[in-house]
Amino acid sequence: MDVIPEPLRTTAPEDGFLELGPRTRLAAPAGTERTERWLRAVLGAATGLPLLPAQEPGDDVVRLSVDPAVTGDLGAEGYRLAVTPTGVDLAGGGPAGLFWGAQTLRQLLGPDAFRRAPLPGRTWRLPLTRVEDSPRFRWRGLMLDVARHFMPRDGVLRYLDLMAAHKLNVLHFHLTDDQGWRLEIKRYPRLTEIGSWRARTKIGHRASPLWEEKPHGGHYTHDDIREIVAYAAERHITVVPEIDIPGHSQAAVAAYPELGNTDVIDTTALTVWDTWGISPNVLAPPPTPPCASTRACSRKSSTCFPRGSFTSAATNARRSSGGGRPPRRHGSGNSDWPARTRCRHGSSATSTRGSPRAGAA
């Protein structure tokens, strides 16, 4: 039996097959809707079978269920699959376990079950078998590096389908690096206008002298990211973004030179990196003066930081996507760099002396 990954236990009580046909029905009670929707879509496309809802119990039915007894034995991501001469019983410990069991059911039909259009005259048979399975690891991840080589949204969705087929449940989504910035940040539009494109790309190994002399790049809009995350969630996959700061940031520095280590190098001359390795250029905003008085804060901390500074890029990215109150904008022209500093808890460093309550929230 060809199933990837290898299940925990399999038994074949007898030789033979269950043949699926136009009369085969799909029974899906409450709690199984997501797997029902996915199974009908993919098997319907590959086989041409309608897999209509089952109105009442009977033979030639694929029965889905979420069973607490499976949870106790195999966990929420475990499942039991039984193919008998009269039908299929698939029970998951939870919705995720049921979905992984449906992936095994699809694999048992053979490679043609992964087609997007049916083959004429094809017979669809499931071997009579019993399968029990549960994952050894809770985190079963795959990393997709779109920072160095951009993959359009549809390619990412296809990647998620392949992950689901192998029962992987975490997408490590590498969105930014020296070679490109792929995530739209509306507060910093040049990250994608400039930072998402490089002039050329090396062909082959990093030591290769060959280059593809044409621009390479692209980025994901907020709507793209929402669709990717929702598509992954339907397949019980968690998306974990990787945003590399303060290092691995030459694409960001190329977009906003004032945020780089300007005391070491002329950051305005930097471009998005077209090679691999460790870049010495990092996000290094200029130092800020200490607070004028520890009484400037209503709490113990008196650390100062630039208002709206890029050092809090992760927070700003969250806020710009609706995750909190948007930060105020300071400065003028194309620079987002502030003209003054602010105490971490609210007061301006230039207005704290002689006022014991200055800075109170």
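Now for a description of the structure that goes with this document.

Each value, and the rule that gives it
- Residues numbered from 1 in each chain as written.
- Predicted model: local features only at pLDDT ≥ 70, side-chain atom pairs only at ≥ 80, totals over all residues.
- Heavy atoms only, no water.
- Phe/Tyr/Trp six-rings, centres within 6.5 Å; stacked < 30°, edge-to-face > 60°.
- Helix = DSSP H or I, 4+ residues; strand = E, 2+ residues; numbered from the N terminus.
- Buried < 20%, exposed > 50% of the residue type's maximum accessible area, 1.4 Å probe, protein only.
- Expected span 1.5 Å × (residues − 1).
- Arc of directions from axis to C-beta.
- Pairing = 2+ DSSP bridges.
- Contact = heavy atoms within 4.5 Å.
- Axes fitted to C-alpha atoms, helices over the stretch in contact; angles between N-to-C directions.
- Lys, Arg positive; Asp, Glu negative; His and termini not counted.
- Salt bridge = Lys/Arg side-chain N within 4 Å of Asp/Glu carboxyl O.
- 1 Å grid on protein atoms, 1.4 Å probe; cavity = no way out; pocket = protein on both sides within 12 Å on 5 of 7 lines; lining within 4 Å.
- Points joined across faces, edges and corners; volume = space filled by probe spheres on them.
- Nonpolar A, V, L, I, M, F, W, Y, C, P; charged D, E, K, R; others polar.
- Core = buried A, V, L, I, M, F, W, Y, C linked by side-chain atoms within 4.5 Å.

Things to note about the packing of aromatic side chains
Considering all chains together, one arrives at five aromatic pairs under this definition. With a centroid separation of 4.9 Å and an interplanar angle of 45°, the aromatic rings of Phe 150 and Tyr 220 are classed as tilted. Taken as a pair, Phe 150 in the loop between β10 (141-145) and α4 (153-165) and Tyr 220 in the loop between β17 (216-217) and α6 (222-234) lie far apart in primary sequence, 70 residues in all. The class of Tyr 220 is buried, set by a relative accessible area of 0%. Here the aromatic rings of Tyr 188 and Tyr 256 are separated by 5.5 Å at their centres, their planes lie at 90°, and the arrangement is edge-to-face. Of this pair, Tyr 188 sits in the loop between β13 (180-181) and α5 (190-193) while Tyr 256 sits in the loop between α7 (250-255) and β19 (304-306), and the two are 68 residues apart along the sequence.

Describing α6
Its 13 residues give α6 an end-to-end C-alpha distance of 18 Å, which sits within 8% of 18 Å, the value for a rise of 1.5 Å per residue. His 222, Asp 224, Ile 225, Ile 228 and Ala 232 are the residues of α6 that are buried. Looking straight down α6, one finds its buried side chains confined to an arc of 160°; they lie on one side. Remark: His 236 follows α6 within two positions and exhibits a positive phi of approximately 60°.

Regarding the sheet that holds strand β9 (residues 129-133)
What the seven strands build is an open sheet, ordered β1-β9-β6-β7-β5-β3-β4; its pairing is mixed. The open sheet has two edge strands with one neighbour each: β1 (9-11) and β4 (52-53). Where strand β3 (residues 25-27) meets strand β5 (residues 61-66), three bridges bridge the pair, whose relative direction is parallel. Along β5, the bridge assignment pairs Arg 25 with Val 61. Strands in contact with helix α3 (residues 95-108) are β5, β6 (79-84), β7 (87-92) and β9; relative to β6, the strand with the most contacts, it is inclined by about 35°.

Regarding the side chain of Arg 106
Here Arg 106 is to be found in helix α3. Nearest to the buried, unbridged Arg 106 among oppositely charged side chains is Asp 161, at 6.6 Å. Excluding anything up to four places from it in sequence, Arg 106 contacts Trp 38, Val 42, Leu 43, Ala 113 and Phe 114.

What about empty space enclosed by the protein?
Scanning the model with the defined rule gives three cavities of 30 Å³ or more in all. Taken as a whole, the largest cavity holds about 80 Å³ of empty space. Per element, the largest residue contribution to the lining of the largest cavity is three residues, and it comes from helix α1 (residues 33-47). For the lining of the largest cavity, the residue count by class is nine nonpolar, two polar and no charged.

Looking at the pattern of salt bridges
As enumerated under the stated definition, the model contains 20 salt bridges in all. Put simply, Arg 200 and Asp 274 hold a salt bridge, and the shortest N to O gap is 3.0 Å. Residue Arg 200 is located in the loop between β14 (197-198) and β15 (201-202), and its partner Asp 274 is located in the loop between α7 and β19; the two are separated by 74 residues in the primary sequence. Look at the salt bridges and you will find they share partners, linking Arg 9, Asp 73, Arg 80 and Glu 132 into a network.

Observations regarding the nonpolar core
Counting residues in each nonpolar core, the largest one holds 63 residues, and the members touching the most others are Phe 173 and Tyr 220. In terms of residue count, α3 provides more of this core than any other element does, seven residues in total.

A short note on the sheet that holds β10
If you trace the three strands from one edge of the open sheet to the other, you get β10-β11-β18, paired in parallel fashion. Pairing within the sheet leaves two strands with one partner each, and these edge strands are β10 and β18 (238-242). In this sheet, adjacent strand axes meet at a mean angle of 20° when their direction is disregarded. For strand β11 (residues 170-174) and β18, the ladder comprises five bridges, and the chain directions are parallel. Paired with Leu 171 across the bridge in β18 is Val 239.

That is the geometry; function is a separate question.
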